[in-house]
Amino acid sequence: MASLWRYLLAGLGLAALLVGVLAAVYLTAPHSAQPVGPDVSRTKKTDNGLYVASFVPEHGVVRQGELESWLLTLKTKTGASVERAAIGISGGMPQHNHGLPTSPQATDYLGEGRYRIEGVKFTMSGWWQLRFAISSGAGSDTVLFNVVL
């Protein structure tokens, strides 16, 4: 009977040791964060913090397969409207590794830091990116907007 208790205690000790080792491995192993979708904020600071940019569809809705106009609003970090900015636009679909199907351009300055961006077309559903290179008296900076259809 004594040998049975000895085996039982040894088995419980080994089980406890195994649980401890597994817990240590689990707690010290690097955990990857759950993938979060792209940041689809419509207002954000530019990469170097010179401007605050907002990017919204001019008519309020994003439509797939249609040429659209969007509004890019630029303010300085102190809130002043950015006038006479030079704006370059690039982008594409990062998951498909291709660029934009059109060449969007800043066509009109509408006042109060608002610029009309014409020629935006999303030909398929998915994750799109539009990068704006902005240059004005406050300096040069860039901002990236994600659009998910």
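Residues numbered from 1 in each chain as written. Predicted model: local features only at pLDDT ≥ 70, side-chain atom pairs only at ≥ 80, totals over all residues. Heavy atoms only, no water.

Caption draft 1: Region of the structure containing the pattern of salt bridges. Scanning the entire structure with this criterion turns up four salt bridges. Here the salt bridges do not stand alone but share partners, grouping E58, D108 and R116 into one network. (Salt bridge = Lys/Arg side-chain N within 4 Å of Asp/Glu carboxyl O.)

Caption draft 2: Local environment of the side chain of T46. Within the secondary structure, T46 is located in the loop between β1 (43-45) and β2 (51-57). You can call T46 buried: its relative accessible area is 3%. (Helix = DSSP H or I, 4+ residues; strand = E, 2+ residues; numbered from the N terminus. Buried < 20%, exposed > 50% of the residue type's maximum accessible area, 1.4 Å probe, protein only.)

Caption draft 3: Structural context of the pairing of strand β9 (residues 139-148). Pairing of strand β8 (residues 127-136) with β9 involves ten bridges; the strand directions are antiparallel. Bridge assignment links F132 to a residue of β9, and that residue is V143. (Pairing = 2+ DSSP bridges.)

Caption draft 4: Structural context of the packing of aromatic side chains. Inspection of every chain in the model, using the stated rule, returns seven aromatic pairs. Relative to F145, the ring of F132 has its centre 6.1 Å away and its plane inclined at 75°; by these criteria the two rings are edge-to-face. In this pair, F132 is assigned in strand β8 and F145 in strand β9, connecting sequence segments 13 residues apart. Each member of the pair F132 and F145 is classed as buried. (Phe/Tyr/Trp six-rings, centres within 6.5 Å; stacked < 30°, edge-to-face > 60°.)

Caption draft 5: Spotlight on the sheet that holds β2. The sheet built from five strands is open, its strands ordered β1-β2-β3-β7-β6 with antiparallel pairing. Of all strands in the sheet, those bounded by a partner on one side alone are β1 and β6 (105-111). Recorded for the sheet is a direction-independent mean angle of 25° between the axes of neighbouring strands. (Axes fitted to C-alpha atoms, helices over the stretch in contact; angles between N-to-C directions.)

Caption draft 6: Up close: the sheet that holds strand β5 (residues 98-99). Taking strand neighbours across the sheet as the criterion, the four strands line up as β5-β4-β8-β9 in an open arrangement whose pairing is antiparallel. Single-partner strands in this sheet number two, and they are β5 and β9. Here strand β4 (residues 86-93) pairs with β8 via seven bridges, running antiparallel. By the bridge assignment for β8, G92 is matched with Q129.

Note that all results are geometric; they support no functional claim without further evidence.
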